Amino acid sequence: MMEGCRHQYSRLLMVVLILFLALVFPSSSLPATHRFQFNVQWKKVTRLCHTKQLLTVNGKYPGPTIAVHEGDNVEIKVTNLIATNTTIHWHGIRQMRTGWADGPAYITQCPIIGGKSYTYKFSVVDQRGTLLWHAHYSWQRVSVHGAFVIYPRMPYPFKASIQDEVPIILGEWWNKDADEVEREMMMTGDGPENSQAYTINGMPGPLYPCSDKDTFIQNVVPGKTYLLRIINAALTAELFFAIANHTLTVVEIDGLYTKPFTTTAIMIAPGQTTTFLLTADQVPDSSAVFAMAATTYVTSIFPFDNSTTMAFLGYKPFKTLKPETLNRLSRLSSVQNLPHIRDSAFATEFSCKLRSLASAQYPCNVPKTIDKRVMTTVSLNLQDCPANRTCKGYHGKRFFASMNNQSFTRPLQSILESHYKNLTTRVFSSDFPEKPKISFDFTGVDPVTSNMNTQFGTKLLVVPYGISLEIVLQGTSFLSVENHPIHFHGHNFFIVGRGIGNFDVNKDPKKYNLVDPPERNTVGVPAGGWAAIRFKADNPGVWFIHCHLEEHTSWGLAMALVVQNGANPSQCLLPPPADLPSC
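These lines cover the structure that appears in this document, whether it is placed above or below.

Before going further, it helps to examine the pattern of salt bridges. The full count for this structure, using the stated rule, is 22 salt bridges. Arg 94 is the salt-bridge partner of Asp 538, the closest N and O atoms lying 2.7 Å from each other. Note that Asp 538 is positioned in the loop between strand E30 (529–536) and strand E31 (541–547) and Arg 94 in the loop between strand E5 (88–91) and strand E6 (117–123), a separation of 444 residues in sequence. For the pair Asp 538 and Arg 94, a shared accessibility class is recorded, and that class is buried. Glu 349 is the partner of Lys 353 in a salt bridge, and the nearest nitrogen-oxygen pair spans 3.9 Å. In this pair, Lys 353 and Glu 349 are both assigned in helix H4 (residues 344–353), four residues apart and thus about one turn of the helix distant. Judged by its relative accessible area of 33%, Lys 353 falls in the partly exposed class. Salt bridges sharing common partners tie together Glu 70, Asp 126 and Arg 128.

Rendered as structure tokens:
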């Protein structure tokens with residue numbers, strides 16, 4: 001089948017296609033090709049009184065915003081100017097038939113080694129809204145990340161005269177190099193060292209030491225409405241975000257329109273985006289500012305960074321504030337509508353309000369029936385310490401994570417390239433279990449006395465092209481119940497159901513929302529519960545599925561989905577580019 005997809009289009013067919021496009025689309029609507037140059041390089045950056053070499057793209061932290069229009073072609077040449085390997089992932093871009101451009105190291109490509117370049121080429125087909133890009137090698141995405149904005153060809157489906165559109169990226173800062181934090185975690189078997197700060201557009205804000213001058217301020221005109229694009233690029237934290245005294249109108253999640261609703265705050269997991277309308281309709285005091293803040297949403301028993309990052313919304317006419325004034329304002333300001341760090345009730349209520357727009361122009365194409373259901377546990381694990389080793393995890397053991405008790409191991413070769421070339425290998429296999437090997441009380445087991453050892457390997461879930469697939473993500477209570485943001489590469493999906501406790505195949509599907517469920521690319525599996533998603537597997541290739549809490553991915557909470565080629569050439573993976581890196 002793979003060999004039959006390596007076809008060549010005739011010159012006549014190309015001419016006919018060009019003429020057809022010229023007739024159907026006016027010249028102003030034809031897709032453009034946008035080219036970008038990304039240099040991955042070190043830059044000396046100071047935060048929290050601490051100066052270090054920080055990995056950046058083009059010397060910027062956060063990195064540059066990519067802005068294109070729906071339907072455009074994109075070419076991004078990434079040049080690695082450091083000694084360490086790197087790759088870049090275009091998070092939320094579906095990469096229809098262009099899995100070579102997806103980015104996760106050893107899944108769809110070998111890494112870009114120092115001194116080399118690779119050009120990611122893809123089209124943003126039938127996509128619009130707020131997404132992100134980030135490094136997908138080790139923990140490099142802590143600072144190698146940025147906004148990816150796709151402007152729609154049609155007017156926004158919500159009524160608002162928008163004054164400006166503002167990307168706001170939430171992140172984390174470690175005084176150490178983040179890769180060193182990961183290395184220590186994997187070497188000792190313990191959890192990661194907590195970050196020292198959360199950030200808003202790379203700035204910690206005045207609640208942290210030495211950070212008065214490192215405070216983000218967004219100016220607004222009274223009475224005007226703004227579109228704020230919130231991106232959670234943090235490595236280890238789901239976050240609450242709010243703006244003092246202001247109501248937010250959510251209109252989009254993960255680059256997909258929603259039924260608009262108002263809220264006083266949002267909860268946003270790593271890898272998720274939330275876009276909302278903000279009207280500057282409040283009356284400020286003499287400072288002319290309102291605080292905006294983000295803090296962690298905690299669902300686990302593990303240590304965490306319980307600090308708060310603060311920025312300001314400045315009403316014009318707004319005078320530049322001195323650092324000492326910002327410090328004083330931060331002590332006086334409060335964001336009373338920012339939820340408490342363990343406010344699961346708010347997080348649940350917020351998630352339940354999310355619904356697809358489901359309009360004639362933007363229909364909700366959720367599969368009403370399915371061809372296959374896969375159920376997988378989403379677990380933290382505690383592994384016995386190897387002989388002659390000292391482990392610092394709980395009870396002298398090592399922390400790991402798994403899906404259906406399979407802790408994912410990345411091979412030192414590209415799975416997609418091996419799949420495309422039909423290479424036989426003993427490194428990975430196509431027998432990922434489609435349900436837990438043993439059924440038990442997943443969310444009711446004793447969190448520390450059960451056998452929590454996992455198996456290691458690279459087992460792939462292989463499905464035919466075009467099937468309607470349901471995947472039930474079942475949380476467990478091993479070690480700790482915890483909210484897990486699971487990200488799917490290559491496909492969006494519909495969250496048709498969520499619940500607390502164990503999924504009941506006889507009862508829970510009867511309560512699914514098959515009318516207007518939210519569509520996105522990253523789902524929060526609720527602490528001590530489950531989430532059911534549906535999608536059509538219509539994108540051939542190899543696609544990474546993993547928790548977007550970075551320590552969980554390092555521990556193995558991941559799997560890979562292989563969608564086989566379809567019968568027609570248009571349903572087949574395209575050939576690899578000539579400059580694809582080799583291992």
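Turning to unusual backbone geometry, a few remarks are in order. Omega for the bond connecting Tyr 61 with Pro 62 falls within 30 degrees of zero, at -10 degrees, which places this linkage in the cis form. By the secondary structure assignment, Pro 62 is in the loop between strand E2 (50–57) and strand E3 (66–69). Of note, the amide linkage connecting Lys 316 to Pro 317 takes the cis form, showing an omega dihedral of 0 degrees. Position of Pro 317 among the secondary structure elements: in the loop between strand E19 (308–315) and helix H3 (323–332). Although it is not a glycine, Asn 405 adopts a positive phi angle of roughly 60 degrees. Residue position: Asn 405 is located in the loop between strand E21 (398–403) and strand E22 (406–408). If you check the backbone angles, Asn 422 has positive phi at about 55 degrees while not being a glycine. Of note, Asn 422 is situated in the loop between helix H5 (415–420) and strand E23 (455–457). On the basis of relative accessible area, Asn 422 is assigned to the exposed category, the value being 56%.

Quick look at the packing of aromatic side chains now. Inspection of the entire model under this criterion finds 28 aromatic pairs. Taken together, a centroid distance of 5.6 Å and an interplanar angle of 50 degrees make the contact between Phe 408 and Phe 544 tilted. With Phe 408 in strand E22 and Phe 544 in strand E31, the pair connects residues that are 136 residues apart, well separated along the chain. Overall, the relative accessible area of 9% leaves Phe 408 in the buried class. Judged by its relative accessible area of 1%, Phe 544 is buried. Chaining the aromatic ring pairs together yields one cluster made of Phe 38, Trp 90, Tyr 118, Tyr 120, Phe 122, Trp 133 and Phe 148. The ring of Trp 173 carries Lys 52 above its face, with NZ or CZ at 4.6 Å from the centroid.

With that out of the way, let us pick up the side chain of Thr 199. With respect to the element layout, Thr 199 can be found in strand E10 (residues 197–200). The class for Thr 199 is buried, based on a relative accessible area of 2%. Apart from residues lying up to four places away in sequence, Thr 199 is in contact with Tyr 61, Ile 169, Leu 170, Gly 171, Glu 172, Trp 173, Pro 204 and Thr 309.

Each strand in a sheet pairs with its neighbour through backbone hydrogen bonds, running either in the same direction (parallel) or in the opposite one (antiparallel). If you trace the five strands from one edge of the open sheet to the other, you get E24-E32-E31-E26-E29, paired in mixed fashion. The strands lining the two open edges of the sheet, one partner per strand, are strand E24 (460–463) and strand E29 (522–525). When the angles between neighbouring strand axes are averaged without regard to direction, this sheet yields 20 degrees. Alignment of E24 against strand E32 (residues 558–563), held across four bridges, turns out to be parallel. Residue pairing across strands places Val 462 opposite Val 562, the latter belonging to E32.

Right, let's get into the state of the cysteines. Considering all chains together, one arrives at three disulfides under this definition. Paired by a disulfide, Cys 49 and Cys 210 hold their sulfur atoms 1.4 Å apart. Between Cys 49 and Cys 210 the disulfide shows an S-S torsion of about 65 degrees. By sign, it is right-handed. With a gap of 161 residues between them, Cys 49 in the loop between strand E1 (33–47) and E2 and Cys 210 in the loop between E10 and strand E11 (217–220) connect regions that are remote in the sequence. Look at Cys 210 and you get partly exposed, because its relative accessible area is 45%. Two residues, Cys 385 and Cys 391, share a disulfide whose sulfurs are 2.1 Å apart. Negative torsions about the S-S bond denote left-handed disulfides, and the value of about 80 degrees found for Cys 385 with Cys 391 makes this one right-handed. Residue classification places Cys 391 among the buried positions, given a relative accessible area of 8%.

Cut-off values and rules
Residues numbered from 1 in each chain as written. Predicted model: local features only at pLDDT ≥ 70, side-chain atom pairs only at ≥ 80, totals over all residues. Heavy atoms only, no water. Salt bridge = Lys/Arg side-chain N within 4 Å of Asp/Glu carboxyl O. Helix = DSSP H or I, 4+ residues; strand = E, 2+ residues; numbered from the N terminus. Buried < 20%, exposed > 50% of the residue type's maximum accessible area, 1.4 Å probe, protein only. Phe/Tyr/Trp six-rings, centres within 6.5 Å; stacked < 30°, edge-to-face > 60°. Lys NZ or Arg CZ within 6 Å of the ring centre and 35° of its normal. Contact = heavy atoms within 4.5 Å. Pairing = 2+ DSSP bridges. Axes fitted to C-alpha atoms, helices over the stretch in contact; angles between N-to-C directions. Disulfide = S-S within 2.5 Å.

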